[in-house]
Amino acid sequence: DNYSKSNIDNIYAVGDVTDRIALTPVALMEGHRLADTLFGGHDRPTDHEWVASTVFTSPEIGTVGYTEEEAVEKFKNVAVYKSKFRPMKHSFPKSEAYSLFKLIVATDTDRVVGVHVATDNAGEMVQGFAVAVKMGATKAQFDETIGIHPTSAEELVTMRSPSYTYVNGEKVE
């Protein structure tokens, strides 16, 4: 459960021995929250819903929230914003490196439910956006944010038109 309790009284498990998210920061959070609950007098369950992660490839892949498929299954009405571009630092030396960005929005609430990025330093970028996503930021709030120029991250607050939507779980182009 969210308190790391097993099916046996007084036996708890955190980290990789569980069937949850196998990431070091998740295990650390589970352990701290379990200790706070058992020994610190605090009721601190672990929320596994909005955990950011990064694959340290070249380019990095950073993600937080639901995939497109998961969002459609859960929310049914979804807008997908996608962007592919060559970052400015790769434009002048004529590199063929591109960045890919995707925002997933539950249209009934306007809540951003997924941020997926493939670019240099994606992990650093997504860590910051993970706070906004966990706090329930809406697409309108992203749109009201002035981006830092010239950065790749500004793309996440300048995508205005969805690439496509889903209505009742069916894709509409």
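What counts, and at which threshold
Residues numbered from 1 in each chain as written. Predicted model: local features only at pLDDT ≥ 70, side-chain atom pairs only at ≥ 80, totals over all residues. Heavy atoms only, no water. Core = buried A, V, L, I, M, F, W, Y, C linked by side-chain atoms within 4.5 Å. Buried < 20%, exposed > 50% of the residue type's maximum accessible area, 1.4 Å probe, protein only. Helix = DSSP H or I, 4+ residues; strand = E, 2+ residues; numbered from the N terminus. Contact = heavy atoms within 4.5 Å. Pairing = 2+ DSSP bridges. Axes fitted to C-alpha atoms, helices over the stretch in contact; angles between N-to-C directions. Phe/Tyr/Trp six-rings, centres within 6.5 Å; stacked < 30°, edge-to-face > 60°. Salt bridge = Lys/Arg side-chain N within 4 Å of Asp/Glu carboxyl O. Polar contact = N/O pair within 3.5 Å; in protein donor to acceptor, adjacent residues only side chain to side chain.

Draft legend 1. Summary view of the nonpolar core. Among the nonpolar cores identified, the biggest contains 32 residues, and L103, V115, V117 and L156 are the most heavily contacted of them. Those elements that place two or more of their residues in this core are α2 (68–75), β3 (78–85), β4 (99–106), β5 (111–119), α4 (122–134) and β6 (164–167). When residues no more than four places from it in sequence are discounted, the contact partners of L156 are F101, L103, V115, V117, M125, F129 and F142.

Draft legend 2. Layout of the sheet that holds β5. The strand order across the open sheet formed by 7 strands is β1-β2-β5-β4-β3-β6-β7, and the pairing between neighbours is antiparallel. Of all the strands in the sheet, the pair left with one neighbour each is β1 (53–55) and β7 (170–172). When the angles between neighbouring strand axes are averaged without regard to direction, this sheet yields 15 degrees. Here 6 bridges tie strand β2 (residues 60–65) to β5, and the two strands are oriented antiparallel to one another. Bridging from a neighbouring strand, G65 pairs with G114 of β5.

Draft legend 3. Quick peek at the packing of aromatic side chains. Counted under the stated rule, the structure contains 5 aromatic pairs. Both rings, one in Y66 and one in F75, keep their centres 5.5 Å apart while their planes meet at 90 degrees; by these two values the pair is edge-to-face. A centroid spacing of 5.6 Å and a plane angle of 40 degrees characterise the contact between F129 and F142, whose relative ring orientation is tilted. One end of the pair, F129, is in helix α4; the other, F142, is in helix α5 (residues 139–144), and 13 residues separate them in sequence. Look at F129 and you get buried, because its relative accessible area is 15%.

Draft legend 4. Just the pattern of salt bridges, in detail. Overall, the coordinates contain 8 salt bridges when judged by the stated rule. Between E30 and R20 there is a salt bridge, with the nearest N and O atoms lying 2.7 Å from each other. Highlighted residues: E30 in helix α1 (residues 24–39) and R20 in the segment before α1, separated in sequence by 10 residues. With a shortest N-O distance of 2.3 Å, D36 and R44 are connected by a salt bridge. Its relative accessible area of 28% is what places R44 among the partly exposed residues.

Draft legend 5. Quick look at the side chain of T18. Tracing the chain through its elements places T18 in the segment before α1. Engagement of the side chain of T18 in a polar contact is seen with the backbone oxygen of G15, the distance being 2.7 Å.

Draft legend 6. Fine view of the pairing of β6. Covered by surrounding structure in β6 are Y164 and Y166 only, the residues T165 and V167 on the alternate face being uncovered. Note that β3 and β6 share 3 bridges and pair antiparallel. Across the sheet, V78 pairs through a bridge with Y166, a residue of β6. Relative to β7, β6 is paired through 3 bridges, and the arrangement is antiparallel. Bridge pairing in β7 links T165 to V172. Linkage of β6 to β7, two consecutive antiparallel strands, is achieved through a turn of 2 residues, within which N168 is found at a positive phi near 50 degrees.

Draft legend 7. Representation of unusual backbone geometry in the model. With omega at 0 degrees, the peptide bond leading from S58 into P59 counts as cis. Its location among the elements puts P59 in the loop between β1 and β2. Cis rather than trans, the peptide bond between H149 and P150 has omega equal to 0 degrees. Tracing the chain through its elements places P150 in the loop between α5 and β6. Of note in this structure, N10 is not a glycine but carries a positive phi near 65 degrees.

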